[in-house]
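Single-letter residue listing:
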Amino acid sequence: MQKPNIIFIMADDLGWRDGGIFGSKFYETPNIDKLASSGMLFTHGYAGAANCAPSRACLISGQNTPRHGIYTVANSDRGKSSTRKIVPVENNTVLGDSLQTLAAMLKKQGYHTATFGKWHLSEDPLTYGFDRNVGGDHRGNPGGNGYFAPFNVPGLNDAPVGENLTDRLTDEAIAFMSDTSGGPKPFFVYLSYYAVHTPLATKPELLSKYETKKGNQIHNNATYAGMLETLDYNIGKLLGYLKENNLSENTLVVFTSDNGGIRAISRQDPLRAGKGSYYEGGIRVPFVFSWPGKIAPASVNDQPISNLDIYPTLMDISGAEHGNNVLDGISVLPALEGAKLPERDFFFHFPIYLQAYDPDTDGGRDSLFRTRPGSVIVSGRWKLHQYFEDGDLELYDLNSDWSETHNLIHEKKEIAHALLGKLELWRKETNAPVPTEKNPDYDPDFHIN
């Protein structure tokens, strides 16, 4: 069987509800909606982590955070020292090069591989199995002039003044596909847009359009809406290229986001919180798979999946054998073909701190941090949060309480105890570090200072 081309599209900081496919009435995403209607939309998709770098490390390595040790961007001791009760573990900032990455695995299967846009896991993605890199290094946002040229990202020094970064990355990806699609080898395009990450910026005509369009309580940011429309337009451009060149039926397109949206910019109600939080608003993301002739159109699947499943799924699709890599996800190819996936638990580990964006809107456990050190398990309808500072537990029934507002820890003690046992066993199996050292700078009276 001919191996399919693969395009993996990763939006940055795009929330679960930030599109027509999940009911937004303000943002306009006709091409993302069209992509979903051409294939399978997963309503219960999870990122590997609640912020950029760890989620991307999970995707590229196929391994959960305790295995690669990337938990956040830069330092782990975020926020004021006087407000941290314990000393967080050290954070890795570079993905280890000893493991076989997703790109390296596909390259061994005969794929031309290229990454366009945000990389965020090292200085040079070319050492991780990519044949070509445009726009990616260790940075987490475009920097410099942001989304309009002259750009401050690798490989785009020739950009004309005022060119839009999202437009240019798409053009570069299409050029790569044009160069490689005529030969015997398939292509793998990792199109990791910087959009819609801050700093927010959009085209003047789109800003004007959304400033005059009436928003609502959860979606009303005109600049963000314009950025999202540009992202959506470029996804339409990609799909148009595939159709015009008779590549659609032999190309798998996957679309998702690296984590939840920033709540101060775009809320994900009824999901609680946003980027950086392990409540649902921080980790639940859109997931679309489209492969005409292979995946039934207009399919909606409510089985939970994770970006940790991408690696084994693409192994399955490309015919790769399982190597020595430990993989923490499963292939979801059976689900794409209409079958049920095995029931399983989902784990998240964050033994560090992440300070608040906006205490009034973050929706976190407290006003100081989006996330304090802890672990989470999602098991069927149940979700348990464990916090390392004080041992507190929160238990939610996701079937009836997406907003995670009714803590059932006292009503469902047996369920909580069973989930905690699973969580502790998983941490032991993955050598997940748990911080216990008291922080000598902690001030228990900080809240009245």
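The structure we're discussing is the one just above.
Here goes a summary of the coordinates provided. Note that this is a predicted model, so its numbers are computed, not measured.

Re the pattern of salt bridges
What the rule picks out here adds up to 29 salt bridges. One salt bridge connects Lys118 with Asp12, and the closest N-O pair in it is separated by 2.6 Å. Within this pair, whereas Lys118 is found in the loop between strand E3 (112-117) and strand E4 (132-134), its partner Asp12 is found in the loop between strand E1 (5-11) and helix H1 (30-37), the two being separated by 106 residues in sequence. Across the pair Glu172 and Arg168 runs a salt bridge whose closest N-O atoms are separated by 2.9 Å. A residue pair is termed a helical-turn pair when its members lie 3 or 4 positions apart in one helix, as Glu172 and Arg168 do in helix H5 (residues 165-180) at four residues. Owing to a relative accessible area of 11%, Glu172 belongs among the buried residues under this scheme. Judged by its relative accessible area of 9%, Arg168 is buried.

Things to note about the sheet that holds strand E10 (residues 345-350)
What the four strands build is an open sheet, ordered E10-E13-E14-E15; its pairing is antiparallel. Across the chains shown, the open sheet's two edge strands, defined by having one partner strand only, are E10 and strand E15 (393-397). Each strand axis lies, on average, 10° off the axis of its neighbour in the sheet, ignoring direction. The pairing of strand E13 (residues 374-379) with strand E14 (residues 382-387) spans six bridges and is antiparallel. Residue pairing across strands places Gly374 opposite Tyr387, the latter belonging to E14.

Remarks on the packing of helix H6 (residues 204-211) against helix H7 (residues 222-244)
Relative orientation of the contacting elements H6 and H7 amounts to 125°, with a least axis distance of 8 Å. Comparing their axes, H7 and H6 come out oblique. When the axes of H6 and H7 are compared, the crossing they make is right-handed. Facing Leu206, Leu207, Lys209, Tyr210 and Glu211 of H6, the residues of H7 in contact are Ala222, Thr223, Ala225, Gly226, Glu229 and Thr230. In terms of residue class, the contact of H6 with H7 is made up of five nonpolar, three polar and three charged.

Focus: H7
For H7, which comprises 23 residues, the first-to-last C-alpha distance of 33 Å matches the rise-based estimate of 33 Å (1.5 Å per residue) to within 8%. Of the residues flanking the start of H7, the one acting as N-cap is Asn221, its side-chain oxygen 3.1 Å from the backbone nitrogen of Thr223. Of the residues flanking the end of H7, it is Asn246, one or two places downstream, whose phi is positive at about 55°.

Digging into unusual backbone geometry
In this chain, Ala149 is followed by Pro150 through a cis amide linkage whose omega measures 10°. Here the phi dihedral of His120 falls at roughly 75°; this positive angle occurs in a residue that is not glycine. Mapped onto the secondary structure, His120 falls in the loop between E3 and E4. Backbone geometry at Ala298 places phi at a positive 55°, although glycine is not the residue there. Note that Ala298 resides in the loop between strand E7 (284-290) and strand E8 (299-301). What makes Ala298 exposed here is its relative accessible area of 58%.

Here we look at empty space enclosed by the protein
For the structure on display, the rule yields four cavities of 30 Å³ or more. The space that makes up the largest cavity amounts to roughly 120 Å³. Around the largest cavity, the lining is made up of 16 residues, and of these Tyr278, Thr371, Arg372, His385 and Tyr387 lie nearest the centre. Contributions of two or more residues to the lining of the largest cavity are made by E10, strand E12 (369-371), E13 and E14. Residues of the lining of the largest cavity, tallied by class, amount to six nonpolar, seven polar and three charged.

Cut-offs and rules
- Residues numbered from 1 in each chain as written.
- Predicted model: local features only at pLDDT ≥ 70, side-chain atom pairs only at ≥ 80, totals over all residues.
- Heavy atoms only, no water.
- Salt bridge = Lys/Arg side-chain N within 4 Å of Asp/Glu carboxyl O.
- Helix = DSSP H or I, 4+ residues; strand = E, 2+ residues; numbered from the N terminus.
- Buried < 20%, exposed > 50% of the residue type's maximum accessible area, 1.4 Å probe, protein only.
- Pairing = 2+ DSSP bridges.
- Axes fitted to C-alpha atoms, helices over the stretch in contact; angles between N-to-C directions.
- Parallel < 35°, antiparallel > 145°, perpendicular 65-115°, else oblique.
- Left-handed = near helix turned anticlockwise from the far one by under 90°.
- Contact = heavy atoms within 4.5 Å.
- Nonpolar A, V, L, I, M, F, W, Y, C, P; charged D, E, K, R; others polar.
- Expected span 1.5 Å × (residues − 1).
- Polar contact = N/O pair within 3.5 Å; in protein donor to acceptor, adjacent residues only side chain to side chain.
- 1 Å grid on protein atoms, 1.4 Å probe; cavity = no way out; pocket = protein on both sides within 12 Å on 5 of 7 lines; lining within 4 Å.
- Points joined across faces, edges and corners; volume = space filled by probe spheres on them.

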